[in-house]
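Listed here are the chains, written in short residue letters.
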Amino acid sequence: MQFDLLLKGGRLIDPASGIDAPRDVAIANGRVAAVDADIPADRANQVVDATGRIVAPGLVDLHSHVYWGGTSLGVDADRLAAKSGTTTFIDAGSAGAGNFLGFRRHVMERSRARILAYVNISFAGIFGFSQSVSVGECSDLRLCEPREVVAAAREHADVVVGVKVRSGKHAGGNSGIAPVDLALEAADKAGLPLMAHIDEPPPGRSEVLPRLRRGDILTHCFRPFPNAPVFASGAVRPDMRLARERGVIFDLGHGMGSFDFDVARAMLAEGLAPDVISSDVHLYCVDGPAFDILVCMSKLMALGMPLVEVLRAATQAPAQAIARPDLGTLAVGTVGDVTVLRQRSGRFTFVDAVGASLVADQRLVSEGIVIGGTWWPNEAVNDLDETERFEAHVAHTHVDIAARHFGHGHS
């Protein structure tokens, strides 16, 4: 058999298949056709030399905002894909039932990167979101209509993976717990998981967590005070443990204001690593502190999370969370989505959402991605100033983070 593409000489890390070893990966007709220790180069029309690199399943960013041009917080997925190693972006509720068709026609269907989505319980999706405007989409319960969400989920079943609700003082105003209950009604009727955002109370974490079912997603699982998952002492709150035991999925969802190094250290020390690492990348955090999923993964590595588990949390785990077993793995026959990474050594300063710093000696950098069998190199990877530019962005973020840490930016 002649292959379309061969990634040769790399270290394959595919947590879903239990592989961490030197392997070649061959793609044909958009699918993984062979995985072996030595596949002859002359059997492929195109060969990518992956020597000294990590070859992994295409990264799946479970929480992003990529309704570019249709919402004020959306970023362009295609501009970010190769640089961030992301082959699949899951949009976390940028669009609601009222504008989902526009998101699909004008963004999803025109994107090279794969885009799937949660439908927001708010009919209008996330709107009125900027550094100077904050209108919580769930503050008016007239917009939270479960019937519309179910209809949209059924109409767009091939790209809809769940229902999203943003609860809290900033997203819901005086609506309290009602948006969560309405979103759960919609998710149950549609047979889909719910992704629940919690910003600042009310409602409190203790009201939201008991409502979440097995397979539902708590995003911003390492968020800072208030509504943090740990006490001031660092002890993990009992409701967080109960949620994990019940099968609620813990998603990082870094974003502008939802990741705290101290909280992360406390959670990791108690064995409560995030099930999923996602960026919550949007217009107001794409230049820091979140940047992209690779930076978020690098932060977790700097905190002591093993490389294989970090990759699992960005491949196998999010694919399972959205019930897409054809993604997040390089098993023969699955979708030919691949991420080629390099572990860059140096001195890197990472910043969390509250302005704290963490210095590390390595970070993950994308060499390029394969989507459906087509190689898409990261054109910036050979730029000698790439590391310096990253450090400059971090320095700017660190200085300016207090001014940019506006409460409604925790999407």
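Residues numbered from 1 in each chain as written. Predicted model: local features only at pLDDT ≥ 70, side-chain atom pairs only at ≥ 80, totals over all residues. Heavy atoms only, no water.

1. Things to note about the layout of surface pockets
Reasoning step 1: In this structure, the second largest pocket encloses a volume near 190 Å³.
Reasoning step 2: Those elements giving two or more residues to the lining of the second largest pocket turn out to be α10 (307-312) and α11 (316-321).
Reasoning step 3: Residue contributions to the lining of the second largest pocket peak at four residues, all from α11.
Reasoning step 4: Here the lining of the second largest pocket is built from residues that sort into seven nonpolar, two polar and three charged. (1 Å grid on protein atoms, 1.4 Å probe; cavity = no way out; pocket = protein on both sides within 12 Å on 5 of 7 lines; lining within 4 Å. Points joined across faces, edges and corners; volume = space filled by probe spheres on them. Helix = DSSP H or I, 4+ residues; strand = E, 2+ residues; numbered from the N terminus. Nonpolar A, V, L, I, M, F, W, Y, C, P; charged D, E, K, R; others polar.)

2. Focus: the packing of helix α3 (residues 146-155) against helix α5 (residues 178-190)
Reasoning step 1: Where α3 meets α5, the axes come as close as 9 Å, and the angle between the chain directions of the two elements is 35°. In this structure, the crossing between α3 and α5 has a hand that is right-handed. Along the contact surface, α3 presents Pro-146, Val-149, Val-150, Ala-153 and Arg-154, while α5 presents Leu-182, Ala-186, Lys-189 and Ala-190.
Reasoning step 2: The residue makeup of the contact of α3 with α5, split by class, is seven nonpolar, no polar and two charged. (Axes fitted to C-alpha atoms, helices over the stretch in contact; angles between N-to-C directions. Left-handed = near helix turned anticlockwise from the far one by under 90°. Contact = heavy atoms within 4.5 Å.)

3. A closer look at the UniProt feature "domain: Amidohydrolase" (unreviewed entry) in the chain
Reasoning step 1: Taking the numbering used here, the UniProt-annotated feature "domain: Amidohydrolase" (unreviewed entry) corresponds to residues 46-73.
Reasoning step 2: Between the end C-alpha atoms of residues 46-73 the distance is 38 Å, and the span holds 0% helix and 50% strand. (UniProt positions renumbered as here; feature names shortened; annotations may be inferred.)

4. A few points about the packing of aromatic side chains
Reasoning step 1: Enumeration over the complete set of coordinates arrives at five aromatic pairs.
Reasoning step 2: Taken together, a centroid distance of 6.0 Å and an interplanar angle of 80° make the contact between Phe-100 and Phe-103 edge-to-face. Linking Phe-100 with Phe-103, this pair stays in helix α2 (residues 100-106), spanning three residues, or about one helical turn. Across the pair, Phe-103 and Phe-100 agree in class, each one buried.
Reasoning step 3: Ring plane angle 25° and centroid distance 6.4 Å describe the contact between Phe-222 and Phe-259, whose orientation is recorded as stacked. Taken together, the residues span a long stretch of sequence, with Phe-222 in the loop between β11 (217-218) and α7 (238-246) and Phe-259 in the loop between β12 (249-250) and α8 (261-269) at a distance of 37 residues. Each member of the pair, Phe-222 as well as Phe-259, is classed as buried.
Reasoning step 4: Among the aromatic residues, ring-to-ring pairing joins Tyr-67, Phe-100 and Phe-103 into one connected group.
Reasoning step 5: Over the face of the ring belonging to Trp-376 we find Arg-112, whose NZ or CZ atom lies 3.7 Å from the ring centre.
Reasoning step 6: Just above the ring of Phe-250 sits the side chain of Arg-244; from NZ or CZ to the centre is 4.5 Å. (Phe/Tyr/Trp six-rings, centres within 6.5 Å; stacked < 30°, edge-to-face > 60°. Buried < 20%, exposed > 50% of the residue type's maximum accessible area, 1.4 Å probe, protein only. Lys NZ or Arg CZ within 6 Å of the ring centre and 35° of its normal.)

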